[in-house]
Amino acid sequence: MKTLSIDVRRADPQDARAISEVHREAWAQAYAGLIPHKSLTQMLERRGEGWWRKATDGPATLLVLDVAGKIAGYATIGLNRARALPYDGEIYEIYLRPEFQGIGLGRRLFGESRRLLKSLGCEGLVVWCLEDSEHASSFFRRHGGVDAVEGMEDFGGTQLRKLGFVWPAT
């Protein structure tokens, strides 16, 4: 019987190409039809391999989900950017390649992200997603998040509502 290794670890610069591929695939699937095409295309082009290489050494912590040597997903985490909210931590992004979705790997990456934030002293956390992103909002609700705050995000002149899901300190 073969054993499949699944690991969540900090990203290394050599992961940059794979992370950029995950980003492109996941965002194209998640946001096609939600974010205007031109804005989405510009966002995808802006985050190529070089951008992700720099991100591995940036202020946010970049985690990867490694499944048998293939980068299946990533998460970026750090301090809450919405200082008016009473939560210390934030998961800025969490994405999986489409073929790795729906089998529990997102739960694993999300859980590890939350544990790392807590180990760094963060009390409570927030995650933002577009209101019309049913997949993301249902994921966060299933994992105990409460959509307690909302805001707006501008995409090339198109305003889209976003929801802030929160998890109070435990």
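The paragraphs below set out a description of the structure included in this document. (Residues numbered from 1 in each chain as written. Predicted model: local features only at pLDDT ≥ 70, side-chain atom pairs only at ≥ 80, totals over all residues. Heavy atoms only, no water.)

1. Points about the environment of Leu120
Note on placement: Leu120 falls in the loop between helix H4 (105-119) and strand E5 (125-130). Taking the relative accessible area as the measure of exposure, Leu120 reaches 52% and is therefore exposed. (Helix = DSSP H or I, 4+ residues; strand = E, 2+ residues; numbered from the N terminus. Buried < 20%, exposed > 50% of the residue type's maximum accessible area, 1.4 Å probe, protein only.)

2. A few points about the pattern of salt bridges
The tally for this structure, following the rule as stated, stands at 15 salt bridges. Put simply, Glu99 and Lys70 hold a salt bridge, and the shortest N to O gap is 3.7 Å. With Glu99 in the loop between strand E4 (89-96) and H4 and Lys70 in strand E3 (residues 70-79), this residue pair connects regions lying 29 residues apart in the sequence. Taking relative accessible area as the criterion, Glu99 reaches 46% and is therefore assigned partly exposed. Among the ionic pairs, Arg115 bridges to Glu112, the shortest N-O distance being 2.8 Å. Of the two residues, Arg115 and Glu112 both sit in helix H4, three residues apart, roughly one turn of that helix. Salt bridges sharing partners connect three or more residues here, namely Arg9, Asp12, Asp15 and Asp66. (Salt bridge = Lys/Arg side-chain N within 4 Å of Asp/Glu carboxyl O.)

3. Describing H4
Compared with an ideal rise of 1.5 Å per residue, which puts 15 residues at 21 Å, H4 spans 21 Å between its outermost C-alpha atoms and is within 8% of the ideal. Three or more residues of H4 are buried, namely Leu105, Gly106, Leu109, Phe110, Gly111, Ser113, Leu116 and Leu117. Gly121 occupies a position one or two residues after H4 and carries a positive phi of about 95 degrees. (Expected span 1.5 Å × (residues − 1).)

4. So, the sheet that holds strand E1 (residues 6-10)
As summarised here, the arrangement of the seven strands in space is E1-E2-E3-E4-E5-E7-E6, forming an open sheet in which the pairing is mixed. Two strands in the sheet have a free side with no partner beyond their single neighbour: E1 and strand E6 (146-155). Pairs of neighbouring strands in the sheet enclose a mean axial angle of 25 degrees, with direction left out of account. As defined by bridge partners, E1 adjoins strand E2 (residues 61-67) across five bridges and the pair is classed as antiparallel. Bridge pairing in E2 places Val8 opposite Leu65. Helix H1 (residues 16-31) rests against E2, E3, E4 and E5 of the sheet, and its axis sits at about 85 degrees to E3. Strand contacts of helix H5 (residues 134-142): E4, E5, E6 and strand E7 (158-167), with the helix running at about 15 degrees to E7, the strand carrying the most contacts. (Pairing = 2+ DSSP bridges. Axes fitted to C-alpha atoms, helices over the stretch in contact; angles between N-to-C directions. Contact = heavy atoms within 4.5 Å.)

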